[in-house]
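Read off the chains here:
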Amino acid sequence: MSITANSQRSNILSKNLEDITSNTNGSWANLGAELVYTQDGTGRYLTFWWEHSECLGLNPQQLVADQNGKECAFSPVDQAAYLYILQQVLTTLMPQRYQCWFSYNQQLFELELVISPIMPSLASTPTTVLVMGRLLQTALSKEENFGSQTRVEQAARHSQRHHNLINQITRNIRRTLDLDIIWQQTVDSLGEALQVERCIICPYQSSSTKVQVIAEYRQPNNGSMLGLEIDMASEPGFAQALATLQPILVEKPQHPLFNQQRMLVVTTCYQDQPNGLIAVTLSKMCSQITLEELELAKEVADQLGTAIAHATLYKELEEARQQAEQATRRIREFLANVTHELRTPLNGIIGFLKLILEGMADDPEEQTQFLQEAHKSSLYLLDIINDMLDIAKIEAGKMELELRSVTLDELFSDLESFMAPQAEGRNLSFRIQKPPTSDEIIVYGDYQRLKQVMLNLVGNAIKFTHEGGITISADVVRKKVTFQDQQFPGMVRVRVADTGIGVSLDKQDKLFQLFSQVDSSRTRQYGGTGLGLAISQKLVEAMGGEVNFYSLGEGLGSTVTFTVPLYQQPVMVSSSDSDLQD
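As the structure is a prediction and not an experimental result, all values here were calculated from the model.

The rules behind these values
Here, residues in each chain are numbered from 1, in the same order as that chain's written sequence. Local features in a predicted model are, by the rule used here, given only for residues with pLDDT of at least 70; side-chain atom pairs are given and counted only at 80 or more, and totals for whole chains, interfaces and linings are based on all residues. Excluding hydrogens and water, the side-chain figures rest on all heavy atoms present in the structure. Helix and strand assignments follow DSSP, with helices taken as H or I runs no shorter than four residues and strands as E runs no shorter than two, numbered in order from the N terminus. Exposure classes here rest on a 1.4 Å probe applied to the protein chains alone. A residue is buried below 20% of its type maximum, exposed above 50%, and partly exposed in between. By definition in these notes, contact holds between two residues if any of their heavy atoms fall within 4.5 Å. Accessible areas in this description were obtained via Shrake-Rupley with a 1.4 Å probe; residue shielding takes into account the shown protein chains only. Strand pairing is assigned whenever DSSP identifies at least 2 bridges connecting the two strands. Interaxial angles span 0 to 180 degrees and are taken between N-to-C directions of axes, which are lines fitted to C-alpha atoms, for helices over the stretch in contact. Within a predicted model, pLDDT stands for the predictor's per-residue confidence, ranging from 0 to 100. Basic side-chain nitrogens of Lys or Arg form a salt bridge, by our definition, when they fall within 4 Å of a carboxyl oxygen of Asp or Glu. Working definition: the arc comes from the directions between the helix axis and the C-beta atoms, pointing outward to the latter. Roughly parallel here means an angle under 35 degrees, roughly antiparallel means over 145, roughly perpendicular means 65 to 115, and every remaining angle is called oblique. In this scheme the crossing of two helices becomes right-handed for a clockwise turn of the near helix relative to the far one and left-handed for an anticlockwise turn of less than a right angle. For this classification, the nonpolar set comprises Ala, Val, Leu, Ile, Met, Phe, Trp, Tyr, Cys and Pro, the charged set comprises Asp, Glu, Lys and Arg, and every other residue, Gly included, is treated as polar. Here the expected span of a helix is defined as 1.5 Å times the quantity of residues minus one. Pairs of N or O atoms are called polar contacts if they sit within 3.5 Å, as long as, within protein, a hydrogen donor faces a hydrogen acceptor (for residues adjacent in sequence, only side-chain-to-side-chain pairs).

Asker: Please give an account of the overall build of the protein chain that cites residues and values.
Answerer: A count of helical and extended segments in the protein chain gives 14 helices and 22 strands. The buried share of the protein chain, reckoned over its 582 residues, is 46%. Relative to all contacts within the protein chain whose residues are 6 or more apart in sequence, the contacts with residues 24 or more apart total 64%. For the protein chain, the exposed surface amounts to about 30,800 Å²; the carbon and sulfur share of it is 49%.

Asker: Kindly report on the sheet that holds strand 12 (residues 263-270), identifying the contributing residues and their values.
Answerer: Read from one edge of the open sheet, five strands run 9-7-13-12-11, paired in antiparallel fashion. Strand pairing shows two members of the sheet lacking a second neighbour, strand 9 (215-218) and strand 11 (248-250), which therefore form its edges. Taken over all neighbouring pairs, the strand axes of this sheet differ in orientation by 20° on average, direction set aside. Against the sheet, helix 7 (residues 179-194) makes contact with strand 7 (198-203), strand 9 and strand 13 (273-281), and its axis sits at roughly 25° relative to strand 9, the strand it touches most.

Asker: Hey, could you go over unusual backbone geometry for me, with residue numbers and the actual values?
Answerer: One non-glycine residue with positive phi stands out, namely leucine 93, at about 60°. For leucine 93, the location among the structural elements is in the loop between helix 5 (79-92) and strand 4 (96-104). Take leucine 93: its relative accessible area is 39%, and that puts it in the partly exposed class. Despite not being glycine, aspartate 272 shows a phi value in the positive range, around 65°. On the secondary structure map, aspartate 272 appears in the loop between strand 12 and strand 13. Classification of aspartate 272 as exposed rests on a relative accessible area of 63%.

Asker: Provide a residue-level description of the side chain of serine 558, including the pertinent values.
Answerer: Its place among the elements puts serine 558 in strand 22 (residues 558-566). Overall, serine 558 belongs to the buried group, its relative accessible area being 9%. With sequence-adjacent residues up to four places away left out, serine 558 is seen in contact with Val496, Ala497, Asp498, Gly502, Val503, Phe549, Tyr550 and Ser551.

Asker: Go over the confidence of the model for the protein chain with me, naming the residues and quoting the values.
Answerer: Per-residue pLDDT for the protein chain has a mean of 80; in total, 80% of the residues score no lower than 70. The low-confidence segment residues 1-7 (pLDDT under 50) makes 15 contacts with residues lying over four places distant or belonging to another chain. Residue range residues 141-149 is modelled with pLDDT below 50. Its contacts to residues more than four positions away, or to other chains, number 13 contacts.

Asker: So what about the pattern of salt bridges? Which residues, and what values?
Answerer: In total, this model carries ten salt bridges according to the counting rule given. Linking glutamate 216 and arginine 198 is a salt bridge whose minimum nitrogen-to-oxygen distance equals 3.3 Å. Separated by 18 residues along the polypeptide, glutamate 216 in strand 9 and arginine 198 in strand 7 bring together distant segments of the chain. As far as the burial class goes, glutamate 216 and arginine 198 line up, both buried. Two residues, aspartate 390 and arginine 449, come together in a salt bridge whose shortest N-O distance is 3.3 Å. Taken together, the residues span a long stretch of sequence, with aspartate 390 in helix 10 (residues 364-396) and arginine 449 in helix 12 (residues 447-463) at a distance of 59 residues. Comparing aspartate 390 with arginine 449, the two get one shared label, buried. One network of salt bridges, with partners in common, ties together Arg97, Glu112 and Arg134.

Asker: Please provide a residue-by-residue account of helix 8 (residues 236-244), values included.
Answerer: Looking at helix 8, one finds that the buried residues are Gly237, Phe238, Ala241 and Leu242. Angularly, the buried residues of helix 8 cover 135° about the axis, an arc narrow enough to put them on a single face. When the buried face of helix 8 is taken as reference, the exposed residues oriented beyond 90 degrees from it are Pro236 and Ala243. On its buried face, helix 8 sits against strand 8 (210-212), strand 10 (229-231), strand 11, strand 12 and strand 13. At the exit of helix 8 stands leucine 245, carrying a positive phi of roughly 60°.

Asker: Could you give an account of the pairing of strand 20 (residues 490-498), with specific residues and numbers?
Answerer: Of all nine residues in strand 20, seven are buried; the element is thus mostly enclosed. As defined by bridge partners, strand 17 (residues 469-477) adjoins strand 20 across eight bridges and the pair is classed as antiparallel. Each residue of the ladder has a partner; that of valine 477, found in strand 20, is methionine 491. Judged from the nine bridges that link them, strand 20 and strand 22 form a sheet pairing that is antiparallel.

Asker: Account for the sheet that holds strand 3 (residues 75-76), with residues named and values stated.
Answerer: Sheet architecture is open: six strands sit in the order 2-1-6-5-4-3, paired in antiparallel fashion. Each edge of the open sheet carries a strand with a single partner, namely strand 2 (45-50) and strand 3. As defined by bridge partners, strand 4 adjoins strand 5 (residues 107-118) across nine bridges and the pair is classed as antiparallel. Looking at strand 5, one finds that glutamine 96 is bridged to isoleucine 115. Against the sheet, helix 5 engages strand 1 (35-40), strand 3, strand 4, strand 5 and strand 6 (128-138), with an angle of about 145° to strand 4.

Asker: Describe in detail the packing of helix 12 against helix 14 (residues 532-542), supporting the description with residues and values.
Answerer: Remark: helix 12 packs on helix 14, axes separated minimally by 10 Å, with the N-to-C direction vectors making an angle of 150°. In terms of orientation, helix 12 lies roughly antiparallel with respect to helix 14. Regarding helix 12 and helix 14, the two cross each other, and that crossing is left-handed. For the pair helix 12 and helix 14, contact is made by Arg449, Gln452, Val453, Asn456, Leu457 and Asn460 and by Gly532, Leu533, Ile535, Ser536, Leu539 and Val540, respectively. In terms of residue class, the contact of helix 12 with helix 14 is built from six nonpolar, five polar and one charged.

Asker: How would you sum up helix 12? Please name residues and give values.
Answerer: Look at helix 12: 24 Å from first C-alpha to last across 17 residues, which is about the 24 Å you get at 1.5 Å a residue. Burial of helix 12 is extensive: twelve of the 17 residues sit out of reach of the surface. Along helix 12, the positions that sit buried rather than exposed are Tyr447, Arg449, Leu450, Lys451, Gln452, Val453, Met454, Asn456, Leu457, Val458, Ala461 and Ile462. One side-chain oxygen of the residue at the start of helix 12 lies 3.1 Å from the amide nitrogen of glutamine 448, identifying that residue as aspartate 446.

Asker: Explain the pairing of strand 12 residue by residue, including any values.
Answerer: Counted residue by residue, strand 12 has seven buried out of eight residues, so it is predominantly covered. Pairing of strand 11 with strand 12, which is carried by three bridges, proceeds in the antiparallel orientation. Bridging from a neighbouring strand, leucine 249 pairs with leucine 264 of strand 12. Examined bridge by bridge, strand 12 and strand 13 share eight bridges and lie antiparallel to one another. Following the sheet pairing, threonine 267 is matched in strand 13 by leucine 277. Following strand 12, the chain reverses through two residues before pairing antiparallel with strand 13; glutamine 271 in that reversal takes a positive phi of roughly 55°.

Encoded structure:
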């Protein structure tokens, strides 16, 4: 029976409250429930209909009429708990499902009910509930004696307390999405209800062979297991509970803190996927666990499994939201920096050209100087635009590479012609160290993209180095690799080391993030968009290699390495440094 469906029915009925309370329409059977009645907040029947009334000798009209201050003939066994639920429904205006025992004429009936508020109008406070339900079981026939009746009533009250406890635990764990609170409230409720020696909860992940105790309830004479890791191979009961998704009773647990006491292990699940374990150790005085206690543990585990799944999903969504906010902030900062970087060379170009057009150059030599500065600014502007276009292509998966054999000497030669003058202009040393071979080292990659990577790395090294110098070196790693279904004899590792400002250890993880810069103040001081390392990493990975950054901290220099597949094995002059392995 759906709570939502019954709520909709109660809304329909509320449009004609007089018909409901008087039952003049005679259409109770059309509501789709075998038992339908209305009550006020004190539990007094206003109307009553039950399809079993006649065979039980129950007169609905007499039942409604004979309530004047007297105990009703058909009433809940646990009247106080029932009235509490009624008041909750009238206060919260939310329907509730409720399972309880009713007594009538020395008979007991277990009923499943859905209790819904009846709203007379939008502006009025409800005072009446509509109850629909069905019979689950009868516990006693008319012929049985009074002593049996008392025992059954006691069992019914005990069962009612069981359901109340389940409702209480369910309400508690649904009030929060904090997993720590959910776990602790659950072990406390179970431990107190079952009066056990210890109750622990361990989250479970299928990728791990161990579980950790995240919450516990224990008697004062027991040592704490909180934070303890348990290897499931050493506790077969844990593995069996996970495999069968059924409660498992372990006679002698292996872990010493369980004191070899009998232990009940129950798996928490969500959509038949285990996500946790509840373990309850029983005292020596407890000879056996009752079926009712077993059902209690199972129901709590079902509720907890759902709560864990929802709380985990909420946590993941919250983390994703925070990451999205961080990404948005990074993009905003990036756009602000890029705007500045674009305007600076553009203003330079416009300014120098304007000087020439307005005849501000005193002689041809100065005019040539203005043109050279404008050309230099235009090249810088082009580099920024190319970086932005490259990252857009990479993110869209449209970056095309022309992979072929490339000689390392050719790359190093072009690099030296471009970057050595820049280093010398800043009074920095510039050295290139080639591997000791008797023939050429040939790598496999896109020549233009490899050169772009090296220019980016060396350009950064020069920009962030004030004194000392830059050293570019390479070595051959003899380790067979497969890339694009082709096997290569090894990798070539290229290093770019500088004696510059370095990067603190806690900020190095930001270096390769898109739109992220280690320090915005550095960006203002040194310029740049922060895309160089990210683009280099994407390009190298697309060519089958990897990029790594090393720095011992601020002021201690930096080293960036990248690898690229070795096209063919060269003849090495010395093997002292060439057998390095990753």
